[in-house]
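The primary structure of each chain is shown beneath.
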Amino acid sequence: MGMINNLRRGFAVTLRVMRRTVFGDGLLTTEYPKESRQKPERFHGRHVLNRHPDGIEKCIGCELCAGACPARCIYVRGADNPIDEPVSPGERYGFVYDINMLRCIFCGLCVEACPTEAITMTHLFEMSVTNRDDAIYTKNELLVNPEGIPNHMFTPEQDPMVNLDELKDADGWMRATAPSGRAAYEGIPGWSASAGIGLRPPERGQAGAEVEEDDDD
Ligand code: SF4
Ligand code: SF4
């Protein structure tokens, strides 16, 4: 009798969860790819290389991201900026920038390491390829266009899975070590402005929070 009661209780739980997830407010599935779910703000999708609002590239070719990458999948080569037409602020810029997405573990350490907020991660995750070479994203694919829109290896015409809304929603993600990752900076954007985005707003839950003194400084 005890066993029957346990089975009855177990089935009741199963039916309750099924009713909630399949028919109710807790619906977990969507008609992907026609419809896709809102990603969390810190979703780790594919990377982009950002530009300053005036269009100049943020990457200074310092290679810190490549040094921090545990999967060794970033290859950067810096070059001296042309004096008359600098590509980035400072002396050097990222002349070559490749990421092998087949090796990337999407840990975000490159983003943490970057001193100029040049490399960030987007909400874009539709990255299937038909050969290994296409999985190596070059600077051409990584650098956003002058309007701040990420380039993609395939256009929506070539691949109906490419969701332009995801491409435009370039980044809501902040570094854990950025000022906005600390309680004392709640409600204060910790990013410099980027082309197409401007100054990113503080993350959800931070806006309007009181700024408190941080005794650990
Ligand atoms: S997310 Fe991690 S694994 Fe991927 S490129 Fe950046 S540091 Fe390397
Ligand atoms: S992306 Fe950032 S860390 Fe990497 S080379 Fe450019 S400036 Fe340096």
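Scanning the protein chain from terminus to terminus reveals 5 helices and 5 strands. The secondary structure elements of the protein chain, listed N-terminal to C-terminal, are α-β-α-β-β-α-β-β-α-α. In the protein chain, which comprises 217 residues, the share counted as buried stands at 35%. Across the protein chain, the fraction of contacts at a sequence separation of at least 24, relative to all contacts at a separation of at least 6, is 66%. Of the roughly 13,200 Å² that the protein chain leaves accessible, carbon and sulfur atoms contribute 55%.

This next bit is on the environment of Pro 146. Tracing the sequence through the fold places Pro 146 in the loop between helix H4 (139-142) and helix H5 (164-168). On a C-alpha basis, the gap between Pro 146 and Asp 54 in space is 8.3 Å, while along the polypeptide they are 92 residues apart. Beyond its immediate sequence surroundings of up to four residues, Pro 146 is in contact with Arg 51 and Ala 195.

Grouped together as the largest cluster of nonpolar side chains are 23 residues, with contacts concentrated most on Ile 74, Tyr 97, Ile 99, Met 101, Ile 119 and Leu 142. Counting only elements with at least two residues in this core, the list comes to helix H2 (64-68), strand S2 (74-80), strand S3 (92-100), helix H3 (109-113) and strand S4 (119-121). In this structure, Ile 99 is in contact with His 47, Cys 73, Ile 74, Ile 119, Ala 135, Ile 136, Tyr 137 and Leu 142, ignoring residues within four places of it in sequence.

Before going further, it helps to examine the site of ligand 2. Around ligand 2, the surrounding shell holds 14 residues, and the nearest of these are Cys 59, Cys 62, Glu 63, Cys 65 and Cys 114. Each residue belonging to the shell around ligand 2 can be placed in one class, and the counts come to 11 nonpolar, 2 polar and 1 charged.

Let us look at the site of ligand 1. With respect to spatial proximity, 14 residues lie near ligand 1, and among them Cys 69, Cys 104, Cys 107, Gly 108 and Cys 110 are the closest. Tallied by class, residues from the shell around ligand 1 come to 12 nonpolar, 2 polar and no charged.

Attention shifts here to the environment of Pro 53. Mapping Pro 53 onto the fold places it in the loop between strand S1 (47-49) and H2. Residue class for Pro 53 comes out exposed when judged on its relative accessible area of 53%. Sequence separation between Pro 53 and Ala 195 is 142 residues, and the spatial gap between their C-alpha atoms is 3.9 Å. Setting aside its immediate chain neighbours within four residues, Pro 53 contacts Ala 193, Ser 194 and Ala 195.

Turning our attention to the sheet that holds S3. The strand order across the open sheet formed by 3 strands is S2-S3-S5, and the pairing between neighbours is antiparallel. Each of the sheet's edge strands pairs with one partner strand only, and the pair in question is S2 and strand S5 (136-137). By the bridge criterion, 7 bridges tie S2 to S3 in an arrangement that is antiparallel. Bridge pairing in S3 links Gly 78 to Gly 94.

Position of Lys 139 relative to the elements: it lies in helix H4. Those residues in contact with Lys 139 that sit more than four places away from it in its chain are Leu 49, Glu 57, Tyr 93, Gly 94, Phe 95, Tyr 97 and Asp 98.

Pairing is possible between side chains of opposite charge, provided their charged atoms come close. In total, this model carries 2 salt bridges according to the counting rule given. One salt bridge connects Lys 139 with Glu 57, and the closest N-O pair in it is separated by 2.8 Å. Of this pair, Lys 139 sits in helix H4 while Glu 57 is found in the loop between S1 and H2, placing the two residues 82 residues apart along the sequence. No difference in accessibility class separates Lys 139 from Glu 57, as the two residues are buried. Measuring nitrogen to oxygen at the nearest pair gives 3.0 Å for the salt bridge that ties Asp 80 to Arg 92. On the criterion of sequence distance, the pair formed by Asp 80 in strand S2 and Arg 92 in strand S3 is long-range, its members being 12 residues apart. Looking at Asp 80, the relative accessible area reads 56%, which means it is exposed.

Our focus in this paragraph is the packing of aromatic side chains. Tallied over the entire structure, the rule returns 2 aromatic pairs. With a centroid separation of 6.1 Å and an interplanar angle of 65°, the aromatic rings of Phe 43 and Phe 125 are classed as edge-to-face. Residue Phe 43 is found in the loop between helix H1 (2-23) and S1, and its partner Phe 125 is found in the loop between S4 and S5; the two are separated by 82 residues along the sequence. Ring geometry for Tyr 93 versus Phe 95: centroids 6.4 Å apart, planes at 85°, classification edge-to-face.

Basis of the calculations
Residues numbered from 1 in each chain as written. Chains lettered and ligands numbered in written order. Predicted model: local features only at pLDDT ≥ 70, side-chain atom pairs only at ≥ 80, totals over all residues. Heavy atoms only, no water. Helix = DSSP H or I, 4+ residues; strand = E, 2+ residues; numbered from the N terminus. Buried < 20%, exposed > 50% of the residue type's maximum accessible area, 1.4 Å probe, protein only. Contact = heavy atoms within 4.5 Å. Areas by Shrake-Rupley, 256 points an atom, 1.4 Å probe, with all protein chains shown as cover. Core = buried A, V, L, I, M, F, W, Y, C linked by side-chain atoms within 4.5 Å. Near = heavy atom within 4 Å. Nonpolar A, V, L, I, M, F, W, Y, C, P; charged D, E, K, R; others polar. Pairing = 2+ DSSP bridges. Salt bridge = Lys/Arg side-chain N within 4 Å of Asp/Glu carboxyl O. Phe/Tyr/Trp six-rings, centres within 6.5 Å; stacked < 30°, edge-to-face > 60°.

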